[in-house]
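Single-letter residue listing:
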Amino acid sequence: MNERIKNAMESIENRQLGLNDTLPFSCTHCGGCCVHQEDLLLNPLDLFRLAKELEITVEQWLDQYGECYIGEESRMPILRIRPQGETRRCPLLNNNKCSVHKAKPSVCGLYPLGRSVRYVLDEQGKPDMEKSKVMYFHSGCFCGSQNGHQTVREWLEEFHLLESESFFIQWSQVVAETSQFLRGLEKVVTNQDIMNLAWSMVFGLLYARYDMGKAFRLQFERNVKQLKEHITAIESMGGVAS
């Protein structure tokens, strides 16, 4: 573990909150957390729920509101809400209110909390997904009131974030494994078109290939299975650096 990651994890541990701890925050509906934002990042479940709430396809949502870039360190396709104007406001903000409040992205529903995964390793040194746990921490806030008295559990339950913990753990592991593959592939590939195809494959399978009329989780697991099969095939041809 490099020093930067180690320091980040220590900082999270120091700010960790239990589910029954009090969260001293309440939203004043000022819209402050929806402007001057460059990092309203989405996972596939966020994207699916947003598109479904607006009764449009994933592709339509991406065209209207989304933006994808390649992570500087992860080399993963990262999806965010595309900020607008000089204030870098969220395009889903309407009169200082979220127009998709019921389906707001997890990063927004969590605020001012952050979350991370504390992995438990099995005998082979691989993450045990059933034993690994999500931990929550105060990420700091620059708006709202500090006079709230709800528990962390109550705050999370409003947006069904406790229900999605198992997905968050699974998604974190998929990101870690896919990032490792893409970083290795980029070390050996000399043709940029090949990397572009790899990124398109990852983006399409993880974010875009969903039928809005079907359950999300089964589709996500199908897509992850196909992605792993493609990665294994590429690795078997010696196409990835260690």
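On a predicted model such as this, the values are computed, not experimentally measured, just so you know. (Residues numbered from 1 in each chain as written. Predicted model: local features only at pLDDT ≥ 70, side-chain atom pairs only at ≥ 80, totals over all residues. Heavy atoms only, no water.)

Our focus in this paragraph is the overall build of the protein chain. Counting its regular elements, the protein chain contains eight helices and eight strands. Against the 2.2 N^0.38 benchmark of 18 Å for 242 residues, the protein chain shows a C-alpha radius of gyration of 19 Å, consistent with a compact globule. Along the first, second and third principal axes, the C-alpha atoms of the protein chain reach 60 × 45 × 35 Å. The 242 residues of the protein chain split such that 42% are buried. Summarising the internal contacts of the protein chain: among those between residues at least 6 apart in sequence, 71% fall at separations of at least 24. Only carbon and sulfur atoms are counted for the fraction: they give 51% of the accessible area of the protein chain, which is about 13600 Å². Across the protein chain, the centroid of the 27 positively charged side chains sits 1 Å from that of the 31 negatively charged ones. (Helix = DSSP H or I, 4+ residues; strand = E, 2+ residues; numbered from the N terminus. Rg over C-alpha atoms; globule rule 2.2 N^0.38 Å. Buried < 20%, exposed > 50% of the residue type's maximum accessible area, 1.4 Å probe, protein only. Contact = heavy atoms within 4.5 Å. Areas by Shrake-Rupley, 256 points an atom, 1.4 Å probe, with all protein chains shown as cover. Lys, Arg positive; Asp, Glu negative; His and termini not counted. Charge placed at Lys NZ, Arg CZ, Asp CG, Glu CD.)

The next point concerns a nonpolar patch on the surface. A contiguous nonpolar surface patch, about 260 Å² in accessible area, is contributed by Tyr119, Leu121 and Met129. Mapped onto the secondary structure, Met129 falls in the loop between β7 (113-118) and β8 (133-138). (Patch = residues over 30% accessible without salt bridge, like charges linked within 9 Å, V, L, I, M, F, W, Y side chains within 5 Å. Salt bridge = Lys/Arg side-chain N within 4 Å of Asp/Glu carboxyl O.)

With five of six residues buried, β7 lies mostly within the body of the structure. When β7 meets β8, the two strands line up antiparallel, connected through six bridges. In the sheet register, Ser116 faces β8, and the bridge partner there is Met135. (Pairing = 2+ DSSP bridges.)

In a soluble, globular protein the nonpolar side chains are often hidden away together inside. Among the nonpolar cores identified, the biggest contains 44 residues, and Trp61, Leu92, Leu182, Leu206 and Phe220 are the most heavily contacted of them. Contributions of two or more residues to this core are made by α2 (44-53), α3 (58-65), β4 (77-81), α6 (165-188), α7 (192-208) and α8 (216-236). With 10 residues, the top contributor of residues to this core is α7. (Core = buried A, V, L, I, M, F, W, Y, C linked by side-chain atoms within 4.5 Å.)

We now examine the sheet that holds strand β3 (residues 66-70). Spatial strand order, β2-β4-β3: three strands in an open sheet with antiparallel pairing. Where the open sheet ends on each side, the last strands, each with one partner, are β2 (41-42) and β3. Together, β2, β3 and β4 form the strand contacts of α7, whose direction differs from that of β4 by roughly 55 degrees. (Axes fitted to C-alpha atoms, helices over the stretch in contact; angles between N-to-C directions.)

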